[in-house]
Amino acid sequence: MESRCENCIIRQFNSLRAMSKEELKQVSDSKTTKILKKGESLFEEGDKLNGVYCVRNGVSKLSKLSANGKDQIVKLASKGEVMGQRSVIAEEITNLSAVAVSDMEVCFIPKETITHTLQKNPNFTLEVLRHMAHDLKEADDVIVNISQKTVKQRIAEAILYLKNNFGEDKDGFLALTLSREDISNVVGTATESAIRIISEFKKKGLIHTSGKKIGIKDEKKLQDMVEGF
């Protein structure tokens, strides 16, 4: 029964928690579950979405293609996050692409179910607004970061962010392994720069690496670097 929305613990993390039992039952009856392998695409920038995706497991990168053909990763969406909400509500094509950076399980909820509930349940509408407001705030922070912090500071911050949000594995490496290209796309720099800075961090004893994996050795020094010390 775990796959029913009513019994799903994950909805506590998103706007679905404001739905009534009856509304959740409708969502449950209309949703479909999708399994994605790492690297598979969920939707592309410019797609018309017929619903939203709720992440049950795994992590997706949400990115936008810039004029020079480089991806800028705007957000990493993990367990509990709802993707596609903005474009479904605004009735616009998607502004971002979503690609799995680990194996994923997502639930697709059709647009009609969402819009119907928005019209009927003011608590749900308020929750959706809160989540969108939070996303806007995060987007503001990203803009400020990119314009005011050096690439080194942003890479140090990205490494700490990955640890704080996704944890570490039993060997002390970051549990979510991003390619060097993905890391460069998170911080908004060339892949070569990211590779160079990561090996510099390694030489300085701030991190240790094994293939693509990165582990933190000196968290305080990384934090100091982010804060500009």
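Look above for the structure.
If you're wondering where the values come from, they're calculated on a predicted model, not measured in any experiment. (Residues numbered from 1 in each chain as written. Predicted model: local features only at pLDDT ≥ 70, side-chain atom pairs only at ≥ 80, totals over all residues. Heavy atoms only, no water.)

Trainee: Explanation requested: helix H3 (residues 111-120) in the structure shown.
Mentor: An α-helix turns once every 3.6 residues. As a result, residues three or four positions apart point the same way. Those residues of H3 not exposed but buried are Lys111, Thr113, Ile114, Thr117 and Leu118. Projected onto a plane normal to the axis of H3, the buried residues spread over an arc of 170 degrees and lie on a single side. Facing away from the buried side of H3 by more than 90 degrees, the exposed set consists of Glu112, Gln119 and Lys120. Buried residues in H3 make contact with helix H1 (21-30), strand S3 (51-57), helix H2 (85-90), strand S8 (104-110) and helix H4 (122-148). (Buried < 20%, exposed > 50% of the residue type's maximum accessible area, 1.4 Å probe, protein only. Helix = DSSP H or I, 4+ residues; strand = E, 2+ residues; numbered from the N terminus. Arc of directions from axis to C-beta. Contact = heavy atoms within 4.5 Å.)

Trainee: Can you walk me through the pairing of strand S4 (residues 60-65) in this structure?
Mentor: Strand residues, when the strand is regular, have side chains that alternate between the two faces of the sheet. Where S4 meets strand S5 (residues 71-77), six bridges bridge the pair, whose relative direction is antiparallel. For Leu65, the partnering residue across the bridge sits in S5 and is Asp71. Both S4 and strand S7 (residues 97-100) contribute to a ladder of four bridges, which runs antiparallel. Looking at S7, one finds that Ser63 is bridged to Ser97. (Pairing = 2+ DSSP bridges.)

Trainee: Please clarify how the sheet that holds strand S6 (residues 82-83) should be interpreted in this entry.
Mentor: Within the open sheet, the four strands sit side by side as S1-S8-S3-S6. Their pairing is antiparallel. Two strands bound the open sheet, and with one partner strand each, they are strand S1 (32-36) and S6. In this structure, S1 lies alongside S8, joined through five bridges in antiparallel fashion. What sits directly across from Ile35, in S8, is Glu105. Across the sheet, H3 touches S3 and S8, and the angle it forms with S8 is around 60 degrees. (Axes fitted to C-alpha atoms, helices over the stretch in contact; angles between N-to-C directions.)

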